[in-house]
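# Summary of the model geometry
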Amino acid sequence: MTRFSPRKSMNLLLSYVALSLIGLFAVFPFLWTFAISITDKTVASGVSIFDFPASLFPKAITFNNFIEVYTVFNLQKYLINSLIITSLTVVGTLIVSAMAAYPLAKLEFPGRDIIFGAMLATLVLPSETNFIVNVLTLNKIGLLGTYWGVVIPTIATAFGIFVMRQAYISIPSSLLEAARIDGATELQIIWRIMIPLARPALTALGIFTLVNTWNSYFWASVALLGADDLQPLSVAMLKLKGQFNHDSFNVAAGAMIMMIPVLIVFVAAQKLFMRGLEGAVK
Amino acid sequence: MRKSSLTITAYMLLLPALLLMAVFTFYPVLYGSYLGFTKYTAANLGSNTPPSWIGLENFRTVLSDELFRIGLINSLKYLIIVPILQLASLGVAVLVNRQIPGIAIFRAAYYIPVITSITLASVMWEWVFTRDGLLNWVLEVFRIIDPKSSFGWLLNPNTALWAIMLVTFWRGFGYYMVLYLGGLQSIPSELEEAALLDGASTWQRFWKITVPLMRPTILLCSLLSSLAAIRVLEEIIVFTNGGPLNSTYTVLMYVYQKSFGLDFDYGVASAAGLLLAIVGFILSYINFRVTREDAPTRGAKV
Amino acid sequence: MKKRWLLLASAFGALGLTALAQSKVEIEFWSWYLSPKFDPYLKGVISQFEAANPTISVKLVDKQDTMERDLQAAIALGKSPDVVNLWSDATAAAAQNGLLTPVTDLTSIADLRAQFWDNTLAMFIVDGKNYGYPWYGWTDQGVMAYNSEILKKAGVTRVPKTISELLTASKLIKQRTGSYGWLPPVKDPNGASFLGQFYLEGLPLFAGGKAAFNSPKHITLLQKFIELMKGDFIPQDLLRKEAFQLNNEYYSQGKSAFIVGGAQALVRVKDANKDIYSKTKVVPAPLGAGGVQTGGSMSLVVPKASKFQKEAGLFAMFMSNNKAQVQFSKLAGIVPTTKGAENDPELKAANPNDALDVATSLVSGTGRFITPGWNPPKNTDNVYKNFNDNIEAAFLGSKSARQALNDAVAFWNANAK
C-alpha cells in the first residue's frame, strides 16, 4: 500500500466530488420522476410538480398512481407482449451475429472485405424511410401483424455483427488451429471455443439489444398494424400522455413501470455488460 | 481443410445475416432511392396509380424549398454536439478508469440515461425545461436569472435547439464513455507512470498522452456521433416538432413530415432523404481519410 | 342437357345462399384518442349494433398520434379499416386526395339530414360532396367553469361576461394570485386557432374568396394577445401545446382559474382533482364582440379502399345516432351532432350543484349552433403550417403583428388553391 499523503487523499476527495456531480446529472431526472410517481396528489387544492423543492421530496407517499395506470391501461397484456418480442429479438440477434461474425473474423474467403464493407455501409445509408417498404414486404410474406414480423427485420444488424467480430478477433488463432488438427468442424469451433470465450461480448450485445427493443416503439407500432392486441408496452406508453395529459403523477408512474424492468436487468448484468462493450473497441 | 469448402462454410454462416440485410435493409434503400425520382403522393394512393418517373423534379422541389434549407442548417448546427460530447465522454472515461471503491456504481449510474427510452426522457426533460421547471428554479436559487425574466427553454428560438442537444448529450455520454473505456485499457500504464514521474499534471497527461493515443477510437466515435447528429429526429419530435419558429426543424423532420399525413409526398421525402445521405457520405469520407493517415498509431482494430 | 344446367345452377344458388347466411362480415373501426377511457362506452354501442345486425361484427382499434400515418399505410397495404374517426383538416386532406367514399353514396341525403344538423354535415363537404358522418361535437365556448376559490382570493366578484372582460379578469388574477386566468387557444398543433379569435370578435376572415385577415383591426387584436403573453398573463406554453390540454393540466393543478369550452374538460378535472372540482362553478361562456360561438365535430369516414362499404355506412350511422351520442354526452360532456339531442330529457341537469351536470345540460343541446367559422383551405397542411409559423413569429417578437398577418395572407392566397 502507498503511504498516506494529504495530497493524494485530497485528489481522491476531489475525484469523488466530480464523480458524484456527474452522477447527479445522469440520474436526477430519473429520481425526480420517481419522486413524482409516488406523490399523493389527492391532497387539498392540488399539488404542483413544479413546487420546488417540495416536489422533489414528497410528503405523502402512495402507490395509487401505479395502480391507476396499471389498471386503466390493462398493462399485463402489454407486458407479456413486450417480453415475447424482446426475448425473440435478443435470441435472434445473438444467433445471427454470432454466426455471421465468425467467418468475417477468422476465415479467409473471397468477398470477405466487400461483405464487411457493405455491412458497415448500412450505418450511413438513409434508412429512415425503410419501414414503409419493409411493411410492404412483411405484408407480402404474410408476417405483418405478427410477433415475427416485428422481430425478423431487426435481428441482422451491422452493430451486432461488428461487436461479435471484434470479440472473435481477440481470440488467438492458435486455439482454432489446434482444434482443427483434432478434427473439429467449423461449427464445433464456434460452439465450443468462440462462443464460450466471447461470453462478455455476447452478454453485452444481448443487453444492448434488450434495452433497444424494449424501448423502441416506432417500428413495433408499424409492424403490428392491425394487431393491437400484440403491441408492446412501449407503444401503450405512448398513449400515456394522451390519456393523462392533465395528470403528471400518472405519467410519471407509467414511466417508472416502463423503466424499472430494464433497470433491474441492467444492474444485474452490468459488470459483464461493461466488459463486453469495452471489448468492442479494444 | 480445402479452400472451396471453407468458402462454402463461410457463406453458409453468413447466409442468414446477408439474406435478412438484403431484404430488410438494402432493398428498401434501393427502392426508396428509386421513389426519389418518381411522383408518388397521396393522390396516387387515392387513384390507385403506381409511382411515375419524373427525373430530378423532386430534387429541384426540395432544393428550392426554404424549409429544407432551414432543416439542413439546423442539422449541420447539431454537429456542434459532436466534439463536446466526445471530449466529455473521454474525460469521464478517464475519470472512471481507476480502481477505487465504488467506481462500478458510478459507471452504472452514468449508463442509466442510455437505457432510458426517448419517450420517457421527453417526459422527464420537459419538466426540467419548462418555464416553471427545475432548470429555472436552480438558476433562480443561484441568482443567475431573475424570476421575472425567466422563460421556457423549449419555447425560445434561441435556446430550443441547445436544450435538445443537452438531452442528446445526457443520453450519449454514458454510451461513449463505455466505448472509450475499452480503448483506455489498451494504453500501456508505463506511459502514464513515466509522465507522472516527469511531474505532468492531470490536464497535461490528458492532452499529451490520452488524447493522441486514443485518436483512432475518438475518430470512430466521432463518426458514429456525427452521423447520429445530422440524422436527429426522435428528440425533435418528442420535444418541439421543429418549433419554435422552425429553430429545431431538421432535415429528417422535413422527410418525416413529407412522408406522413394524409397529404404525403413520398417522392419529395425520398429525395430529401437521399440528399441527407450524401451529406452523411461526405462526413464519413472525411473521417475515413483522417483515420487512414493515422494508420501507424492505430490502436483500435477497426 | 338444359335440365342438368338448371339443376347445377340451383344447387349453386342454394350453396350461395347458405354461404351468405353463415358468412359474417367483420369491419374494422378506428377511433381516435378514446382508449382506454371510453372503451366500455364504445364497446357497448358496438354490441348494440351487432345485436341489431347479426351478420356484421365490429373490431375496435384506437389510434392516437399515429392515426394519419397508420391510415395511409393501411390503405397502401390493402388492409384499410372500414370506418375511421377523423377530424376536420384530416377529412379534407383525405377527401382531396381521393381516399374517401362520399357518404352520400352510402346513406341517402334525406337520412343524413334527418339525423344530423345541417351545419355539422357542412363541415365535411369537400368540392361539393359530403365526406363525413358528423360524430361527436364540441363548442369552443359553451360554458365557462371557474375555480371559485381563486376568484375570491383575487377579489374578482363579478364573473366575466365577454371575452375582453375575461382577459381583464385574467390579468388581475395573475397579478394578485400568481395563477393564470384563462388560457386561450392561439396556436394549436391541429388547425389554425388564431383565426378563431378573429372570428369570435366578428372580424371577417375572407373577402371575395380570398384571405383578408390583415386589416388594422385584426392587427390590433393579435397585438393585444401578444402583449398578454409578454406580460405573462397567458403562458407561453400555448405556442407549443394544445390549449385544451394545457387548460386541463393547469386547472387541475390549481394554476389557472377559468376553463372555457365544452363540458368534456370538466370530466378530466373531476378525475384528476376532486377538491378543485368541488370548488368549480359553471356559467355560460363569455362571448366576443361577434356574439358568435365556434365549435367543431369529429367525423366518421369510410375509406374508398374499404371492402365493406355498405356495412361501414350502416355502422357509421349507428355509432353517430342520437341515442348513442346522448349517452356519450352524459359520459364525456360532448355536444351531440344529432337533431334529436336538443330536447332529449336525458340531458337535463340532474344535480344543479354538480359542475359537470350543469355544464352538460347547458351545452348538450347546442348542436345546431356549432360551426368552425370556416372550412379548411386546400393544401391544408402547408397553409396552416405557414399561418401558425407567422402567428408564432409575431408572439415571439421576430416579426411585427402587421408583418406576420400580411405574410400569412400572401401565402394563403398563393397556395390555398
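Residues numbered from 1 in each chain as written. Chains lettered and ligands numbered in written order. Predicted model: local features only at pLDDT ≥ 70, side-chain atom pairs only at ≥ 80, totals over all residues.

## Here's the deal with the overall build of chain C
The helix and strand inventory of chain C stands at 18 helices and twelve strands. Whereas a compact globule of 417 residues would reach a radius of gyration of roughly 22 Å, chain C reaches 24 Å, a difference of no more than 12%. Principal-axis analysis of the C-alpha atoms gives chain C an extent of 95 × 55 × 35 Å. For chain C, buried positions account for 53% of its 417 residues. Counting only contacts in chain C whose residues sit at least 6 apart along the sequence, the fraction spanning at least 24 positions is 73%. (Helix = DSSP H or I, 4+ residues; strand = E, 2+ residues; numbered from the N terminus. Rg over C-alpha atoms; globule rule 2.2 N^0.38 Å. Buried ≥ 20, exposed ≤ 12 C-beta atoms within 10 Å, placed from the backbone. Contact = placed C-beta atoms within 7 Å.)

## Points about the overall build of chain A
Helices and strands together make up the secondary structure of chain A, namely 13 helices and zero strands. Ordered by position in the sequence, the α and β elements of chain A form the string α-α-α-α-α-α-α-α-α-α-α-α-α. For 282 residues, the compact-globule formula gives about 19 Å, and the C-alpha radius of gyration of chain A, at 24 Å, lies well above that figure. Across the 282 residues that make up chain A, the buried fraction comes to 45%. Contacts spanning at least 24 positions in sequence make up 76% of the contacts within chain A whose residues lie at least 6 apart.

## Remarks on the sheet that holds strand 3 (residues 83-86) of chain C
Hydrogen bonds between backbone atoms are what pair the strands of a sheet, whose relative direction is either parallel or antiparallel. All names here are of chain C. Ordered in space as 2-1-3-12-6, the five strands form an open sheet in which the pairing is mixed. Of all strands in the sheet, those with a lone pairing partner are strand 2 (56-63) and strand 6 (133-139), marking the two edges. This sheet shows a mean twist of 20 degrees between the axes of neighbouring strands, independent of strand direction. Across the sheet, helix 4 (residues 88-96) touches strand 3 and strand 12 (295-301), and the angle it forms with strand 12 is around 45 degrees. (Pairing = 2+ DSSP bridges. Axes fitted to C-alpha atoms, helices over the stretch in contact; angles between N-to-C directions.)

## Notes on helix 9 (residues 186-197) of chain A
All names here are of chain A. Taking 1.5 Å per residue, twelve residues should reach 16 Å; helix 9 reaches 15 Å between its end C-alpha atoms and fits that length. Every buried residue belonging to helix 9 is among E186, I190 and M194, and all of these are buried. Taken down its axis, helix 9 places every buried residue within 50 degrees of arc, on the same side. Projecting away from the buried face of helix 9 at angles above 90 degrees are the exposed residues R192 and P196. (Expected span 1.5 Å × (residues − 1). Arc of directions from axis to C-beta.)

## Section: the interface of chain A and chain C
Facing the 22 residues of chain A at the interface are 24 residues of chain C. Of all elements in the fold, only helix 2 (64-73), helix 5 (130-140), helix 11 (218-223) and helix 12 (233-243) of chain A reach the threshold of two or more residues within the side of chain A that touches chain C. If one sorts the elements of the side of chain A that touches chain C by residue count, helix 12 of chain A sits on top with four residues. For the side of chain A that touches chain C, the class distribution of residues is eight nonpolar, eleven polar and three charged. (Nonpolar A, V, L, I, M, F, W, Y, C, P; charged D, E, K, R; others polar.)

## Overview of the domain arrangement of chain C
Accessible area lost upon the coming together of the parts serves often as the stated size of an interface. Residues and elements named next belong to chain C. Annotation of chain C at the domain level lists domain 1 (26-137 + 296-347) and domain 2 (143-294 + 372-415). Between the C-alpha centres of domain 1 and domain 2 the distance comes to 29 Å. By residue number, the principal contributor to the side of domain 1 that touches domain 2 is helix 4, which donates five residues. Partitioned by chemical class, the residues of the side of domain 1 that touches domain 2 number seven nonpolar, four polar and one charged. (Domains from an automatic or database assignment.)

## Thoughts on the packing of helix 1 (residues 6-37) of chain A against helix 6 (residues 103-111) of chain B
Where helix 1 of chain A meets helix 6 of chain B, the closest approach of the two axes is 8 Å, and the angle between their N-to-C directions is 30 degrees. One way to sum up the angle between helix 1 of chain A and helix 6 of chain B is to call them roughly parallel. Considering how the two elements wind past one another, helix 1 of chain A and helix 6 of chain B form a crossing that is left-handed. Contacts between helix 1 of chain A and helix 6 of chain B involve L19, I22, G23, A26 and V27 of chain A from the former and F106, A109 and Y110 of chain B from the latter. (Parallel < 35°, antiparallel > 145°, perpendicular 65-115°, else oblique. Left-handed = near helix turned anticlockwise from the far one by under 90°.)

## Comments concerning unusual backbone geometry
With an omega dihedral of 0 degrees, the bond running from S35 of chain C to P36 of chain C counts as a cis peptide bond. Within the secondary structure, P36 of chain C is located in the loop between strand 1 (25-32) and helix 2 (39-52). Although it is not a glycine, N74 of chain A adopts a positive phi angle of roughly 50 degrees. Of note, N74 of chain A is situated in the loop between helix 2 and helix 3 (75-106). Although it is not a glycine, N241 of chain B adopts a positive phi angle of roughly 55 degrees.

## Some remarks on the interface of chain A and chain B
In this complex, chain A contributes 68 residues to the contact, which on the side of chain B involves 70 residues. Secondary structure elements with two or more residues in the side of chain A that touches chain B: helix 1, helix 3, helix 4 (112-121), helix 5, helix 7 (158-169), helix 10 (199-215), helix 12 and helix 13 (248-281) of chain A. Here the side of chain A that touches chain B takes 15 residues from helix 13 of chain A, the largest share from any one element.

## Quick look at the sheet that holds strand 7 (residues 143-147) of chain C
Residues and elements named next belong to chain C. The antiparallel open sheet is built from three strands, whose spatial order is 10-7-11. Both edges of this open sheet fall to strand 10 (258-261) and strand 11 (280-284), since each of them pairs with a single strand only. If you compare each strand with its neighbour and ignore which way they point, the axes differ by 20 degrees on average. Looking at chain direction, strand 7 and strand 11 are connected through five bridges and run antiparallel. Bridged to Y146 within strand 11 is K281. Across the sheet, helix 16 (residues 355-363) lies against strand 7 and strand 11, angled at about 15 degrees from strand 11, the strand it touches most.

## A closer look at the packing of helix 3 of chain A against helix 10 of chain A
Residue and element names in this part refer to chain A. In the contact formed by helix 3 and helix 10, the axes pass within 9 Å of each other and the chain directions differ by 140 degrees. Two packed elements cross with a definite hand, and for helix 3 against helix 10 that hand is right-handed. Here S82, I85, T86, T89, V90, T93, L94, S97 and A98 of helix 3 lie close against helix 10, whose contacting residues are L202, L205, G206, T209, L210, T213 and W214. Considered class by class, the residues forming the contact of helix 3 with helix 10 number eight nonpolar, eight polar and no charged.

## Concerning the pairing of strand 1 of chain C
Residue and element names in this part refer to chain C. The pairing of strand 1 with strand 2 spans eight bridges and is parallel. Across the sheet, the residue bridging to I27 is V58, located in strand 2. In this region the chain leaves strand 1, passes through helix 2 and returns to the parallel neighbour strand 2; the handedness of that crossover is right-handed. Pairing analysis gives two bridges linking strand 1 to strand 3, with the strands arranged parallel. (Right-handed = clockwise from strand over helix to strand, strands pointing away.)

## As for the domain arrangement of chain A
Residues and elements named next belong to chain A. Split into domains, chain A comes out as domain 1 (6-10 + 18-62) and domain 2 (73-281). Of the residues lining the interface, seven residues belong to domain 1; the matching set on domain 2 comes to six residues. When grouped by side-chain class, the residues that make up the side of domain 1 that touches domain 2 number three nonpolar, three polar and one charged.

## Here we look at the environment of T154 of chain A
All names here are of chain A. Inspection of the secondary structure assignment puts T154 in the loop between helix 6 (147-151) and helix 7. A count of 23 C-beta atoms within 10 Å places T154 in the buried class. A C-alpha to C-alpha distance of 9.1 Å links T154 and T213, two positions 59 residues apart in sequence. In contact with T154, other than residues within four places in its own chain, are T89 and W219.

## Structural notes on the environment of Y41 of chain C
All names here are of chain C. Looking at where Y41 falls in the secondary structure, it is placed in helix 2. On the basis of neighbour counts, which here come to 16 C-beta atoms within 10 Å, the residue Y41 falls in the partly exposed class. Once the C-alpha coordinates of Y41 and A324 are considered, the two residues, 283 residues apart in sequence, prove to be 9.1 Å apart. The residues touching Y41, leaving out its near neighbours within four places in the chain, are F328 and L331.

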